[in-house]
Amino acid sequence: MNPVDPVDEEAARLYRAKLWGGADRTLWRTQVEGTVGARLRELADWAESSGHGEASLDTYGDGLVEELERRVAEELGLPAAVFFPTGTMAQQVALRCWAGRTGSPVVALHPLGHPEVHEGGALTAVSGLRTVHPTDAPRLPTAEEVRDHPEPFGTLMLELPLRDAGFVLPSWEELTEVVEAARERDAVVHFDGARLWECTTHFGRPLAEIAGLADSVYLSFYKSLGGLSGAVLAGPEDVMAEARVWRHRYGGQLFQQYPVAISALRGLDDELPRLPSYVAHARVVADAVREALTEAATEAGGPGWFRVHPEAPHTHQFQVWLPYVPEALTAASLAQTEATGTVLFRRWFSPGAGGPPGVSVTELTVAGPGLEWTAEDVKAAVRDFLSRLG
(Lines give C-alpha, C1' and ligand atoms only; values in the text may rest on other atoms or scores of the structure.)
Protein backbone atom coordinates (compact mmCIF):
# COMPACT_ATOMS: atom_id res chain seq x y z
CA MET A 1 0.00 0.00 0.00
CA ASN A 2 1.38 3.40 -0.95
CA PRO A 3 1.77 5.44 2.28
CA VAL A 4 1.46 8.74 0.38
CA ASP A 5 -1.65 9.54 -1.62
CA PRO A 6 -0.30 11.17 -4.82
CA VAL A 7 -3.51 13.20 -5.15
CA ASP A 8 -3.10 14.56 -1.64
CA GLU A 9 0.57 15.34 -2.24
CA GLU A 10 -0.25 17.24 -5.43
CA ALA A 11 -2.93 19.18 -3.59
CA ALA A 12 -0.44 19.98 -0.84
CA ARG A 13 2.13 21.15 -3.38
CA LEU A 14 -0.37 23.45 -5.06
CA TYR A 15 -1.47 24.83 -1.69
CA ARG A 16 2.13 25.56 -0.67
CA ALA A 17 2.85 27.27 -3.99
CA LYS A 18 -0.27 29.43 -3.73
CA LEU A 19 0.30 30.36 -0.09
CA TRP A 20 4.01 31.15 -0.39
CA GLY A 21 3.56 32.78 -3.78
CA GLY A 22 0.95 35.15 -2.38
CA ALA A 23 2.92 36.12 0.71
CA ASP A 24 3.53 39.78 1.46
CA ARG A 25 7.14 39.34 2.59
CA THR A 26 9.71 36.78 1.50
CA LEU A 27 13.45 36.46 1.08
CA TRP A 28 13.06 35.33 -2.52
CA ARG A 29 10.45 34.38 -5.09
CA THR A 30 10.56 30.93 -6.63
CA GLN A 31 10.11 30.13 -10.30
CA VAL A 32 6.76 28.41 -9.74
CA GLU A 33 5.00 31.40 -8.24
CA GLY A 34 2.57 33.58 -10.17
CA THR A 35 0.31 32.79 -13.11
CA VAL A 36 0.82 32.10 -16.79
CA GLY A 37 -0.76 35.38 -17.80
CA ALA A 38 1.31 37.45 -15.38
CA ARG A 39 4.57 35.80 -16.43
CA LEU A 40 3.86 36.25 -20.13
CA ARG A 41 2.95 39.90 -19.65
CA GLU A 42 6.19 40.50 -17.72
CA LEU A 43 8.23 38.96 -20.54
CA ALA A 44 6.36 40.91 -23.20
CA ASP A 45 6.82 44.18 -21.32
CA TRP A 46 10.55 43.57 -20.91
CA ALA A 47 10.94 42.58 -24.56
CA GLU A 48 9.38 45.88 -25.62
CA SER A 49 11.34 48.04 -23.17
CA SER A 50 14.66 46.38 -24.06
CA GLY A 51 14.21 46.72 -27.80
CA HIS A 52 13.62 43.02 -28.45
CA GLY A 53 9.91 43.33 -29.11
CA GLU A 54 10.35 43.56 -32.89
CA ALA A 55 12.99 40.84 -33.10
CA SER A 56 12.31 38.01 -35.53
CA LEU A 57 11.09 34.71 -34.16
CA ASP A 58 13.84 32.12 -33.88
CA THR A 59 13.91 28.87 -35.83
CA TYR A 60 16.07 25.94 -34.71
CA GLY A 61 18.44 28.08 -32.69
CA ASP A 62 18.96 31.23 -34.73
CA GLY A 63 17.93 34.82 -33.96
CA LEU A 64 17.48 35.51 -30.25
CA VAL A 65 19.09 32.20 -29.33
CA GLU A 66 22.25 33.12 -31.24
CA GLU A 67 22.23 36.53 -29.58
CA LEU A 68 22.02 34.83 -26.18
CA GLU A 69 24.91 32.52 -27.05
CA ARG A 70 27.10 35.43 -28.14
CA ARG A 71 26.25 37.38 -25.00
CA VAL A 72 27.17 34.52 -22.67
CA ALA A 73 30.41 33.75 -24.52
CA GLU A 74 31.38 37.40 -24.01
CA GLU A 75 30.45 37.34 -20.32
CA LEU A 76 32.56 34.22 -19.79
CA GLY A 77 35.44 35.31 -22.01
CA LEU A 78 35.25 31.99 -23.88
CA PRO A 79 35.35 31.43 -27.66
CA ALA A 80 31.86 30.00 -28.15
CA ALA A 81 28.65 29.04 -26.35
CA VAL A 82 25.76 26.71 -27.20
CA PHE A 83 22.22 26.98 -25.83
CA PHE A 84 20.59 23.81 -24.46
CA PRO A 85 17.05 23.22 -23.23
CA THR A 86 18.35 21.59 -20.02
CA GLY A 87 21.52 21.49 -17.98
CA THR A 88 21.37 17.70 -17.82
CA MET A 89 21.63 17.54 -21.61
CA ALA A 90 24.35 20.20 -21.74
CA GLN A 91 26.59 18.31 -19.33
CA GLN A 92 25.91 14.94 -20.94
CA VAL A 93 27.09 16.42 -24.21
CA ALA A 94 30.10 18.19 -22.72
CA LEU A 95 31.39 15.10 -20.94
CA ARG A 96 30.75 12.96 -24.00
CA CYS A 97 32.72 15.34 -26.21
CA TRP A 98 35.65 15.35 -23.81
CA ALA A 99 35.59 11.54 -23.50
CA GLY A 100 36.06 11.32 -27.25
CA ARG A 101 39.00 13.72 -27.17
CA THR A 102 40.78 12.26 -24.14
CA GLY A 103 40.08 8.65 -25.05
CA SER A 104 38.77 8.04 -21.54
CA PRO A 105 35.11 7.44 -20.59
CA VAL A 106 35.92 8.08 -16.90
CA VAL A 107 34.75 11.29 -15.21
CA ALA A 108 36.01 12.26 -11.77
CA LEU A 109 33.41 14.16 -9.78
CA HIS A 110 31.88 14.46 -6.33
CA PRO A 111 29.28 11.86 -5.27
CA LEU A 112 26.99 14.76 -4.32
CA GLY A 113 27.37 16.26 -7.81
CA HIS A 114 24.25 16.81 -9.88
CA PRO A 115 24.85 13.91 -12.34
CA GLU A 116 25.20 11.45 -9.44
CA VAL A 117 22.20 12.61 -7.41
CA HIS A 118 19.66 14.21 -9.74
CA GLU A 119 19.99 12.68 -13.21
CA GLY A 120 18.93 9.06 -12.79
CA GLY A 121 22.31 7.61 -13.73
CA ALA A 122 22.17 9.23 -17.18
CA LEU A 123 25.94 9.53 -17.58
CA THR A 124 26.20 5.75 -17.66
CA ALA A 125 22.82 4.78 -19.08
CA VAL A 126 22.73 7.30 -21.93
CA SER A 127 26.34 8.30 -22.58
CA GLY A 128 28.25 5.19 -21.57
CA LEU A 129 30.50 7.07 -19.16
CA ARG A 130 31.81 5.92 -15.81
CA THR A 131 32.39 8.00 -12.69
CA VAL A 132 34.97 7.96 -9.91
CA HIS A 133 35.05 10.03 -6.73
CA PRO A 134 38.28 11.69 -5.54
CA THR A 135 36.54 12.44 -2.21
CA ASP A 136 33.22 11.91 -0.45
CA ALA A 137 33.80 14.69 2.10
CA PRO A 138 31.11 17.42 1.94
CA ARG A 139 33.34 19.80 -0.06
CA LEU A 140 35.13 19.94 -3.38
CA PRO A 141 38.19 17.67 -3.73
CA THR A 142 41.63 18.96 -2.84
CA ALA A 143 44.55 19.07 -5.24
CA GLU A 144 46.17 16.20 -3.36
CA GLU A 145 43.03 14.05 -3.67
CA VAL A 146 42.86 14.71 -7.40
CA ARG A 147 46.58 14.15 -7.92
CA ASP A 148 46.67 10.93 -5.86
CA HIS A 149 43.42 9.31 -7.00
CA PRO A 150 44.34 5.72 -7.87
CA GLU A 151 42.19 5.38 -11.00
CA PRO A 152 42.81 7.16 -14.30
CA PHE A 153 40.20 9.63 -15.56
CA GLY A 154 39.92 11.85 -18.60
CA THR A 155 37.77 14.66 -17.19
CA LEU A 156 37.53 16.30 -13.79
CA MET A 157 34.10 17.82 -13.21
CA LEU A 158 33.76 20.44 -10.45
CA GLU A 159 30.34 21.66 -9.32
CA LEU A 160 30.67 25.32 -8.31
CA PRO A 161 29.12 25.71 -5.81
CA LEU A 162 28.53 22.16 -4.57
CA ARG A 163 24.82 22.58 -3.89
CA ASP A 164 23.97 19.42 -1.93
CA ALA A 165 26.88 20.01 0.46
CA GLY A 166 25.51 23.47 1.32
CA PHE A 167 26.38 25.61 -1.71
CA VAL A 168 30.06 25.40 -0.73
CA LEU A 169 33.06 26.64 -2.68
CA PRO A 170 36.80 26.19 -2.31
CA SER A 171 39.05 29.22 -1.95
CA TRP A 172 40.48 30.69 -5.15
CA GLU A 173 43.88 29.22 -4.32
CA GLU A 174 42.37 25.78 -3.69
CA LEU A 175 40.45 25.93 -6.97
CA THR A 176 43.49 26.85 -9.04
CA GLU A 177 45.52 24.12 -7.36
CA VAL A 178 42.84 21.51 -8.09
CA VAL A 179 42.72 22.54 -11.75
CA GLU A 180 46.51 22.34 -11.96
CA ALA A 181 46.45 18.87 -10.37
CA ALA A 182 44.03 17.70 -13.07
CA ARG A 183 46.27 19.16 -15.77
CA GLU A 184 49.21 17.24 -14.32
CA ARG A 185 47.21 14.08 -14.99
CA ASP A 186 46.46 15.19 -18.57
CA ALA A 187 42.78 15.49 -17.67
CA VAL A 188 40.49 18.24 -18.91
CA VAL A 189 38.40 20.28 -16.47
CA HIS A 190 34.68 20.91 -16.80
CA PHE A 191 32.79 23.24 -14.46
CA ASP A 192 29.23 22.38 -13.51
CA GLY A 193 28.55 26.07 -13.04
CA ALA A 194 24.77 26.00 -12.87
CA ARG A 195 25.15 28.66 -10.16
CA LEU A 196 28.53 30.02 -11.22
CA TRP A 197 26.96 33.44 -11.82
CA GLU A 198 26.99 34.24 -8.09
CA CYS A 199 30.49 32.91 -7.28
CA THR A 200 32.39 36.11 -8.12
CA THR A 201 32.01 37.59 -4.62
CA HIS A 202 33.50 34.55 -2.87
CA PHE A 203 36.40 34.19 -5.29
CA GLY A 204 37.00 37.92 -5.62
CA ARG A 205 37.46 37.41 -9.35
CA PRO A 206 35.38 38.38 -12.41
CA LEU A 207 33.28 35.72 -14.09
CA ALA A 208 35.60 35.47 -17.09
CA GLU A 209 38.63 34.76 -14.92
CA ILE A 210 36.79 31.99 -13.07
CA ALA A 211 35.45 30.41 -16.26
CA GLY A 212 38.88 30.73 -17.85
CA LEU A 213 40.29 28.08 -15.50
CA ALA A 214 38.16 25.37 -17.13
CA ASP A 215 38.11 23.75 -20.55
CA SER A 216 34.31 24.01 -20.63
CA VAL A 217 31.61 25.51 -18.44
CA TYR A 218 27.88 24.90 -18.08
CA LEU A 219 25.57 27.53 -16.58
CA SER A 220 21.84 27.58 -15.89
CA PHE A 221 19.49 30.41 -16.79
CA TYR A 222 16.77 29.69 -14.23
CA LYS A 223 18.65 28.86 -11.03
CA SER A 224 20.06 32.35 -10.45
CA LEU A 225 18.89 34.57 -13.28
CA GLY A 226 15.16 33.92 -13.08
CA GLY A 227 14.82 32.47 -16.59
CA LEU A 228 12.01 30.14 -17.59
CA SER A 229 14.45 27.27 -18.24
CA GLY A 230 17.46 26.55 -20.37
CA ALA A 231 21.22 26.31 -20.05
CA VAL A 232 24.38 27.16 -21.89
CA LEU A 233 27.60 25.27 -22.54
CA ALA A 234 30.70 27.30 -23.35
CA GLY A 235 34.21 26.42 -24.42
CA PRO A 236 36.49 26.02 -27.47
CA GLU A 237 35.06 26.50 -30.96
CA ASP A 238 35.68 22.92 -32.09
CA VAL A 239 34.15 21.37 -28.96
CA MET A 240 31.10 23.61 -29.21
CA ALA A 241 30.69 22.69 -32.88
CA GLU A 242 30.57 19.04 -31.89
CA ALA A 243 28.24 19.90 -29.01
CA ARG A 244 25.73 21.27 -31.53
CA VAL A 245 25.77 17.92 -33.34
CA TRP A 246 25.14 16.02 -30.11
CA ARG A 247 22.46 18.50 -29.05
CA HIS A 248 20.51 17.53 -32.16
CA ARG A 249 21.08 13.83 -31.54
CA TYR A 250 19.88 14.17 -27.95
CA GLY A 251 16.65 15.86 -29.08
CA GLY A 252 17.62 19.37 -28.01
CA GLN A 253 17.29 21.12 -31.38
CA LEU A 254 13.94 22.72 -30.57
CA PHE A 255 11.92 24.52 -33.25
CA GLN A 256 11.36 27.77 -31.31
CA GLN A 257 12.69 28.98 -27.95
CA TYR A 258 12.15 32.75 -27.98
CA PRO A 259 10.29 32.96 -24.61
CA VAL A 260 13.14 31.13 -22.90
CA ALA A 261 15.77 33.20 -24.71
CA ILE A 262 14.04 36.47 -23.78
CA SER A 263 13.80 35.42 -20.12
CA ALA A 264 17.51 34.53 -20.13
CA LEU A 265 18.50 37.85 -21.72
CA ARG A 266 16.41 39.64 -19.11
CA GLY A 267 18.24 37.72 -16.40
CA LEU A 268 21.61 38.78 -17.78
CA ASP A 269 20.52 42.42 -17.86
CA ASP A 270 18.53 42.64 -14.63
CA GLU A 271 19.60 39.88 -12.22
CA LEU A 272 23.27 39.28 -13.00
CA PRO A 273 24.40 42.76 -11.88
CA ARG A 274 22.44 42.37 -8.62
CA LEU A 275 23.85 38.99 -7.56
CA PRO A 276 26.78 40.44 -5.55
CA SER A 277 24.28 42.40 -3.43
CA TYR A 278 22.31 39.20 -2.82
CA VAL A 279 25.46 37.38 -1.69
CA ALA A 280 26.40 40.21 0.66
CA HIS A 281 22.94 40.32 2.21
CA ALA A 282 22.80 36.53 2.54
CA ARG A 283 25.64 36.88 5.04
CA VAL A 284 23.57 39.39 7.04
CA VAL A 285 20.60 37.03 6.98
CA ALA A 286 22.71 34.00 7.99
CA ASP A 287 24.20 35.91 10.93
CA ALA A 288 20.74 36.98 12.07
CA VAL A 289 19.35 33.44 11.81
CA ARG A 290 22.30 32.14 13.83
CA GLU A 291 21.90 34.80 16.51
CA ALA A 292 18.18 34.11 16.89
CA LEU A 293 18.69 30.35 17.06
CA THR A 294 21.53 30.77 19.56
CA GLU A 295 19.28 32.82 21.84
CA ALA A 296 16.44 30.31 21.49
CA ALA A 297 18.72 27.31 22.13
CA THR A 298 19.21 28.41 25.75
CA GLU A 299 15.50 28.77 26.44
CA ALA A 300 13.15 26.09 27.71
CA GLY A 301 11.61 24.31 24.76
CA GLY A 302 14.17 25.80 22.38
CA PRO A 303 15.82 23.79 19.59
CA GLY A 304 18.88 22.96 21.71
CA TRP A 305 20.95 22.32 18.60
CA PHE A 306 21.06 23.90 15.17
CA ARG A 307 23.38 24.53 12.27
CA VAL A 308 23.72 27.36 9.77
CA HIS A 309 25.93 26.10 6.95
CA PRO A 310 28.21 27.58 5.77
CA GLU A 311 28.56 29.98 8.68
CA ALA A 312 29.32 32.75 6.19
CA PRO A 313 27.47 31.82 2.97
CA HIS A 314 29.69 31.41 -0.07
CA THR A 315 26.84 32.45 -2.39
CA HIS A 316 23.35 33.86 -1.83
CA GLN A 317 22.14 30.42 -0.71
CA PHE A 318 22.85 28.40 2.43
CA GLN A 319 21.42 25.67 4.65
CA VAL A 320 19.74 25.67 8.05
CA TRP A 321 19.54 22.48 10.12
CA LEU A 322 17.18 21.86 13.06
CA PRO A 323 16.48 18.79 15.26
CA TYR A 324 12.87 18.17 14.24
CA VAL A 325 11.18 15.98 11.64
CA PRO A 326 10.56 17.62 8.25
CA GLU A 327 6.79 17.47 8.54
CA ALA A 328 6.73 19.51 11.76
CA LEU A 329 9.06 22.18 10.37
CA THR A 330 7.23 22.49 7.05
CA ALA A 331 3.94 22.78 8.94
CA ALA A 332 5.41 25.59 11.05
CA SER A 333 6.60 27.34 7.88
CA LEU A 334 3.10 27.19 6.43
CA ALA A 335 1.51 28.29 9.70
CA GLN A 336 3.78 31.33 9.87
CA THR A 337 2.81 32.44 6.38
CA GLU A 338 -0.89 31.80 7.00
CA ALA A 339 -0.83 33.94 10.14
CA THR A 340 1.59 36.71 9.20
CA GLY A 341 1.95 36.78 5.41
CA THR A 342 5.71 36.29 5.85
CA VAL A 343 7.85 33.52 4.35
CA LEU A 344 11.10 32.74 6.14
CA PHE A 345 11.65 29.03 5.60
CA ARG A 346 9.83 26.86 3.08
CA ARG A 347 10.00 23.07 2.81
CA TRP A 348 12.24 21.01 5.07
CA PHE A 349 13.79 17.67 4.20
CA SER A 350 15.57 14.73 5.77
CA PRO A 351 19.32 14.97 5.05
CA GLY A 352 19.13 11.47 3.55
CA ALA A 353 21.50 8.54 3.86
CA GLY A 354 24.27 9.21 6.33
CA GLY A 355 22.48 12.14 7.93
CA PRO A 356 21.72 12.17 11.67
CA PRO A 357 18.26 10.83 12.58
CA GLY A 358 15.64 13.30 13.76
CA VAL A 359 17.32 16.22 11.98
CA SER A 360 16.01 18.20 9.00
CA VAL A 361 17.54 20.68 6.59
CA THR A 362 16.21 23.51 4.46
CA GLU A 363 17.76 25.90 1.96
CA LEU A 364 17.54 29.67 2.26
CA THR A 365 17.97 31.92 -0.76
CA VAL A 366 18.35 35.69 -0.54
CA ALA A 367 17.35 37.60 -3.67
CA GLY A 368 15.71 40.93 -4.51
CA PRO A 369 12.83 40.77 -2.01
CA GLY A 370 15.24 39.80 0.78
CA LEU A 371 17.24 43.01 0.47
CA GLU A 372 14.42 44.78 2.31
CA TRP A 373 14.87 42.60 5.42
CA THR A 374 16.96 43.98 8.26
CA ALA A 375 18.80 41.71 10.67
CA GLU A 376 16.12 42.43 13.27
CA ASP A 377 13.40 41.49 10.77
CA VAL A 378 15.09 38.13 10.28
CA LYS A 379 15.49 37.49 14.00
CA ALA A 380 11.85 38.37 14.66
CA ALA A 381 10.77 35.97 11.91
CA VAL A 382 12.92 33.18 13.35
CA ARG A 383 11.41 33.70 16.82
CA ASP A 384 7.91 33.65 15.39
CA PHE A 385 8.68 30.48 13.41
CA LEU A 386 10.03 28.68 16.48
CA SER A 387 6.94 29.64 18.48
CA ARG A 388 4.86 27.60 16.05
CA LEU A 389 6.72 24.35 16.66
CA GLY A 390 4.76 23.71 19.85
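Relevant structure appears above.
Residues numbered from 1 in each chain as written. Predicted model: local features only at pLDDT ≥ 70, side-chain atom pairs only at ≥ 80, totals over all residues. Heavy atoms only, no water.

Trainee: Give a description of the sheet that holds strand β9 (residues 307-309) that names residues and reports values.
Mentor: One open sheet holds the three strands; their spatial order is β9-β10-β12, and the pairing between them is antiparallel. At either margin of the open sheet sits one strand with a lone partner, and together these are β9 and β12 (360-365). When the angles between neighbouring strand axes are averaged without regard to direction, this sheet yields 20°. Taken together, the six bridges between strand β10 (residues 317-322) and β12 define a ladder with antiparallel strand orientation. Directly across from Gln 319, in β12, lies its bridge partner Glu 363. (Pairing = 2+ DSSP bridges. Helix = DSSP H or I, 4+ residues; strand = E, 2+ residues; numbered from the N terminus. Axes fitted to C-alpha atoms, helices over the stretch in contact; angles between N-to-C directions.)

Trainee: How would you sum up the packing of helix α4 (residues 87-102) against helix α11 (residues 237-249)? Please name residues and give values.
Mentor: Two numbers describe how α4 lies on α11: the axes approach to 9 Å, and their chain directions differ by 125°. Here α4 is positioned oblique relative to α11, judged by the angle of their axes. Here α4 and α11 pass one another in a crossing that is right-handed. From α4, Met 89, Val 93, Arg 96, Cys 97, Trp 98 and Arg 101 reach across to α11, where they touch Asp 238, Val 239, Glu 242, Ala 243, Trp 246 and Arg 247. Residues of the contact of α4 with α11, tallied by class, amount to seven nonpolar, no polar and five charged. (Parallel < 35°, antiparallel > 145°, perpendicular 65-115°, else oblique. Left-handed = near helix turned anticlockwise from the far one by under 90°. Contact = heavy atoms within 4.5 Å. Nonpolar A, V, L, I, M, F, W, Y, C, P; charged D, E, K, R; others polar.)

Trainee: Any details on the nonpolar core? Residues and values, ideally.
Mentor: Counting 89 residues, the largest nonpolar core has Phe 191, Trp 197 and Phe 385 as its most contacted members. Among the elements that make up this core, the one with the highest residue count is helix α13 (residues 275-297) (ten residues). Those residues in contact with Trp 197, other than ones at most four positions away along the chain, are Val 72, Leu 207, Leu 219, Ser 220, Phe 221, Ser 224, Leu 225, Leu 268, Leu 272 and Leu 275. (Core = buried A, V, L, I, M, F, W, Y, C linked by side-chain atoms within 4.5 Å. Buried < 20%, exposed > 50% of the residue type's maximum accessible area, 1.4 Å probe, protein only.)

Trainee: For the pattern of salt bridges, give the residues involved together with the corresponding values.
Mentor: According to the stated counting rule, one finds 25 salt bridges in the structure shown. Of the charged contacts, one joins Glu 10 and Arg 13 as a salt bridge, the two residues approaching to 2.8 Å between their closest N and O atoms. Note that Glu 10 and Arg 13 are positioned in helix α1 (residues 6-21) at a spacing of three residues, about one turn of the helix. Take Glu 10: its relative accessible area is 35%, and that puts it in the partly exposed class. Lys 379 serves as the salt-bridge partner of Glu 291, at 3.2 Å between the closest nitrogen and oxygen. On the criterion of sequence distance, the pair formed by Glu 291 in helix α13 and Lys 379 in helix α15 (residues 375-387) is long-range, its members being 88 residues apart. With relative accessibility at 38%, the residue Glu 291 sits in the partly exposed group. A single network of salt bridges, built from pairs that share partners, joins Glu 291, Glu 376, Lys 379 and Arg 383. (Salt bridge = Lys/Arg side-chain N within 4 Å of Asp/Glu carboxyl O.)

Trainee: A description of helix α2 (residues 36-49) should follow, citing residues and the corresponding values.
Mentor: With 14 residues, α2 extends 20 Å from end C-alpha to end C-alpha; this agrees with the ideal 20 Å at 1.5 Å per step. Among the residues of α2, those classed as buried are Leu 43, Trp 46 and Ala 47. Considered in projection along α2, the buried side chains sweep an arc of 105° and stay on one side of the axis. Exposed positions of α2 whose direction lies more than 90 degrees from the buried face are Arg 41, Asp 45, Glu 48 and Ser 49. Along its buried surface, α2 packs onto α12 (258-271). Of the residues trailing α2, Gly 51 is marked for its positive phi of about 90°. (Expected span 1.5 Å × (residues − 1). Arc of directions from axis to C-beta.)

Trainee: Tell me about the side chain of His 190, and name the residues and values.
Mentor: With respect to the helices and strands, the residue His 190 is situated in strand β6 (residues 188-192). Judged by relative accessible area, His 190 falls into the buried class, the value being 0%. Here Gln 91 takes part through its side chain, which lies 3.0 Å from a polar atom of the side chain of His 190. Dropping the residues within four chain positions of it, His 190 is found in contact with Gln 91, Ala 94, Leu 95, Thr 155, Leu 156, Met 157, Leu 158, Ser 216, Val 217, Tyr 218 and Leu 233. (Polar contact = N/O pair within 3.5 Å; in protein donor to acceptor, adjacent residues only side chain to side chain.)

Trainee: So what's going on with the sheet that holds strand β4 (residues 130-132)? Residues and values would help.
Mentor: Hydrogen bonds between backbone atoms are what pair the strands of a sheet, whose relative direction is either parallel or antiparallel. Sheet architecture is open: seven strands sit in the order β2-β8-β7-β6-β5-β3-β4, paired in mixed fashion. Both outer strands of the open sheet, β2 (80-84) and β4, are each paired with one neighbouring strand and no more. Strand-to-strand twist across the sheet, computed as the mean angle between neighbouring axes with direction ignored, equals 25°. In terms of strand pairing, β6 meets strand β7 (residues 216-220) through three bridges, oriented parallel.

Trainee: Can you break down α13 residue by residue, with the values?
Mentor: With 23 residues, α13 extends 32 Å between its outermost C-alpha atoms, agreeing within 8% with the 33 Å of an ideal straight helix rising 1.5 Å per residue. Listed as buried for α13 are Leu 275, Tyr 278, Val 279, His 281, Ala 282, Val 285, Ala 286, Ala 288, Val 289, Ala 292, Leu 293 and Ala 296. The inward-facing, buried residues of α13 contact α9 (200-203), α12, β9, β10, β12 and α15.

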